[in-house]
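Summary of the model geometry
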Amino acid sequence: MRRKIYQRIIIVLSLIVIISCGLNGCGSQDDSASDQMEQSVTDEGEKEGAEQENVAPEIAGLDYEEAMALDYAEGFHVYYYKDGYKLIDVKDDRKYLVIPEKEEVPDGLDENIVILQQPLDHIYLAATSAMALFDAVDAIGTIRMSGTQASGWYIDHAVQAMESGDILFAGKYSEPDYEMLINEDCDLAIESTMILHTPKVQEMIEDLGIPVFIDRSSYETHPLGRTEWVKLYAAMLDKEDEADSFFQEQAKVIEELKDFKNTEKTVAFFYVSTDGTVVVRKSEDYIPNMIEIAGGRYVFEDLKNEESDSAAVNISMEEFYAAAQDADYLIYNSSIDNPIERIEDLTAKDELFKDFKAVKAGNVWCTGKYLYQATDIVGNLITDIHLMLTDGEEEQMTFLYRVE
């Protein structure tokens, strides 16, 4: 409505200017006034558009207070309402209303909003990347069931909880133990996007009256955007202060490297699948962003995934060779595949690797197996890559090691 009023004002002013020009001649001062008015309307429209991108949904019976402050994450918003109610809005997905303990569900609530009734302390966690974020705010005790066995965890507190029986193995995401979910009074199932490949499983869990939350942190384009999902889980558990303190410590990594001049050295991040194709990351993913922040250049300047929203892109060995043969550094991603210890382990996957510049120069590195689970300290990989690019000490690295 305001925009239409401004547009009418412009028309009236324009007519005045035209009449004035006809009588007195057109001066630069009139042109300037008209330009300023048009710019004012444009700025107003842009401001309104920006505000509409993050508008708290109106919920009957609830009084809105404020939105959670986010620095890097773009995949969610959290809105706070009076009396402790919170609305979690996940981009391109669902909205979840967190109901405080002993409070009631608002009358007339949109049926598409998923209800999360506190306390949430019997969680089934099938999204492995979220465990570290729960650990970061001392909330592993809220997880009662896991979709990963103790042997599959690289987070000490998760291993200890499973070995002591505080966390039970309730089947992997595609084959959960529905009877256990019922017997253990599961109040929330947290799944990765892999659950989207088995929609019947999600449907069956929800049919049991258990809400399903899908973690989409892997879609974040900034590395700390993924870590900032700690604030989302903290909102579920009323641990926002702990999450804020933790996240600010991780954000210091970016602050320390922001003024560093880029080395212009090129880096390829990949692994070789069992069928011989090479799996890399699309250019807008958080891993290439890490490489840039650390002072390097990702070898793929404009690589997209034309088949899905996944950050992983499968290409042929020939395509990878064309792009990465002259890369200064190769980083092998062992969070999915098995780690490589020697150059021979890499060349055994394909003889073409022998012709790579980085292989000849001895600049092949590998990630630790637990990288994907370390969502809480993802910023440390930036430091590792920076040390790699600047010939820093390997002993100071958290995730990377040189392949001999």
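Here is a short report on the structure shown in this document. (Residues numbered from 1 in each chain as written. Predicted model: local features only at pLDDT ≥ 70, side-chain atom pairs only at ≥ 80, totals over all residues. Heavy atoms only, no water.)

**Here we look at helix H10 (residues 286–294)**
Threshold: Three labels apply to residues, based on accessible area from a 1.4 Å probe with only protein chains included: buried if under 20% of the type maximum, exposed if over 50%, partly exposed otherwise in between. Strands here are runs of E lasting at least two residues and helices are runs of H or I lasting at least four, both read from the DSSP assignment and numbered beginning at the N terminus. The contact criterion used throughout is that any non-hydrogen atoms of two residues lie within 4.5 Å. Side-chain atoms alone can form a polar contact between residues adjacent in sequence; in general such a contact is a pair of N or O atoms within 3.5 Å, and within protein one must be able to donate a hydrogen while the other accepts it.
Of all the nine residues making up H10, seven are buried; the element is thus mostly covered by neighbouring parts of the structure. Structurally, H10 contributes buried residues whose contacts are with helix H7 (223–227), helix H9 (240–257), strand S11 (265–272), strand S12 (278–281), strand S13 (296–298) and helix H14 (379–389). Looking at where H10 begins, the residue whose side-chain oxygen comes 3.2 Å from the main-chain nitrogen of Ile-287 is Asp-285. Note on H10: the residue one or two positions beyond its end, Gly-295, has a positive phi of about 110 degrees.

**So, the nonpolar core**
Counted only if it meets this: For our purposes a nonpolar core is just a set of buried Ala, Val, Leu, Ile, Met, Phe, Trp, Tyr and Cys residues, chained together by side-chain atoms within 4.5 Å.
Counting residues in hydrophobic clusters, the biggest one holds 59 residues, and the most contacted among them are Phe-270, Val-280, Phe-320, Leu-330, Ile-385 and Met-388. Sequence-distant contacts of Phe-320, that is, excluding residues within four places in its chain, are made with Ala-268, Phe-270, Val-278, Val-280, Phe-300, Ile-315, Gln-325, Phe-353 and Phe-356.

**Overview of unusual backbone geometry**
Each neighbour pair has its own omega, and for Gln-118 with Pro-119 the value is 0 degrees, a cis peptide bond. Here Pro-119 shows up in the loop between strand S5 (113–117) and strand S6 (123–125). The phi angle at Glu-264 is positive, at roughly 65 degrees, despite the residue not being glycine. By the secondary structure assignment, Glu-264 is in the loop between H9 and S11. A residue is classified by how much of its surface remains accessible, and Glu-264, at 47% relative accessible area, is partly exposed. One non-glycine residue, Asp-391, lies in the positive phi region at around 60 degrees. Along the chain, the position of Asp-391 falls in the loop between H14 and strand S17 (400–402). A relative accessible area of 61% places Asp-391 in the exposed class.

**Remarks on the pattern of salt bridges**
Stated formally: Salt bridge, as used here, is a side-chain nitrogen of Lys or Arg placed within 4 Å of a carboxyl oxygen of Asp or Glu.
A full pass over the atoms with the stated rule returns 18 salt bridges. The partner of Arg-94 in a salt bridge is Glu-206, with the nearest N and O atoms 2.7 Å apart. Of the two residues, Arg-94 sits in the loop between strand S3 (86–90) and strand S4 (95–99) while Glu-206 sits in helix H6 (residues 199–207), which places them 112 residues apart along the sequence. Residue Glu-206 is classed as partly exposed on the basis of its relative accessible area, which comes to 27%. Across the salt bridge formed by Arg-281 and Asp-285, the nearest N and O atoms sit 2.7 Å from each other. Both residues of the pair, Arg-281 and Asp-285, belong to the buried class. Where salt bridges share partners, they join Lys-86, Asp-238 and Glu-240 into one cluster.

**Some thoughts on the sheet that holds S5**
Note the following rule: When DSSP locates at least two bridges between a pair of strands, those strands are taken to pair. Orientation is described by lines fitted to C-alpha atoms, with helices fitted over the stretch in contact, and by angles between N-to-C directions that extend from 0 to 180 degrees.
The five strands are arranged S1-S2-S3-S4-S5 in an open sheet whose pairing can be described as mixed. Of all the strands in the sheet, just strand S1 (64–67) and S5 have a single pairing partner and so form its edges. Strand-to-strand twist of the sheet, defined as the mean angle between neighbouring strand axes without regard to direction, takes the value 25 degrees. Summarising the sheet, S1 and strand S2 (residues 76–81) pair through three bridges and their orientation is antiparallel.

**Topic: the packing of aromatic side chains**
Rules: A pair of aromatic rings is counted whenever rings of Phe, Tyr or Trp (Trp by its six-membered ring) have centres within 6.5 Å, and the orientation is called stacked for planes under 30 degrees apart, edge-to-face for over 60 and tilted otherwise.
Taken as a whole, this structure holds 18 aromatic pairs when the rule is applied. Their ring planes at 25 degrees and their centres at 5.8 Å tell us that Phe-320 and Phe-356 sit as a pair that is stacked. With Phe-320 in helix H11 (residues 317–324) and Phe-356 in the loop between helix H12 (343–347) and helix H13 (357–361), this pair connects stretches of sequence that are 36 residues apart. Judged on exposure class, the residue Phe-320 and its partner Phe-356 are both buried. Taking 5.4 Å as the distance between ring centres and 45 degrees as the angle between the ring planes, the aromatic pair formed by Tyr-370 and Phe-399 counts as tilted. Remark: Phe-399 occurs in the loop between H14 and S17 and Tyr-370 occurs in the loop between strand S16 (364–367) and H14; sequence separation between them is 29 residues.

**Some words on the environment of Ile-167**
With respect to the helices, strands and loops of the structure, Ile-167 is situated in the loop between helix H4 (156–164) and strand S8 (168–169). Taking the relative accessible area as the measure of exposure, Ile-167 reaches 2% and is therefore buried. Placed 42 residues apart in sequence, Ile-167 and Leu-125 show a C-alpha to C-alpha distance of 9.8 Å. Residue contacts for Ile-167: discarding those within four places in its chain leaves Met-131, Ile-140, Ile-143, Arg-144, Met-145, Ser-146, Ala-161 and Met-162.

**A look at the environment of Leu-346**
Here Leu-346 shows up in helix H12. Taking the relative accessible area as the measure of exposure, Leu-346 reaches 0% and is therefore buried. For Leu-346 and Val-359, which are 13 residues apart along the polypeptide, the C-alpha to C-alpha distance reads 9.2 Å. Those residues in contact with Leu-346 that lie beyond four places of it in its chain are Phe-270, Leu-330, Tyr-332, Ile-340, Phe-353, Val-359 and Val-364.

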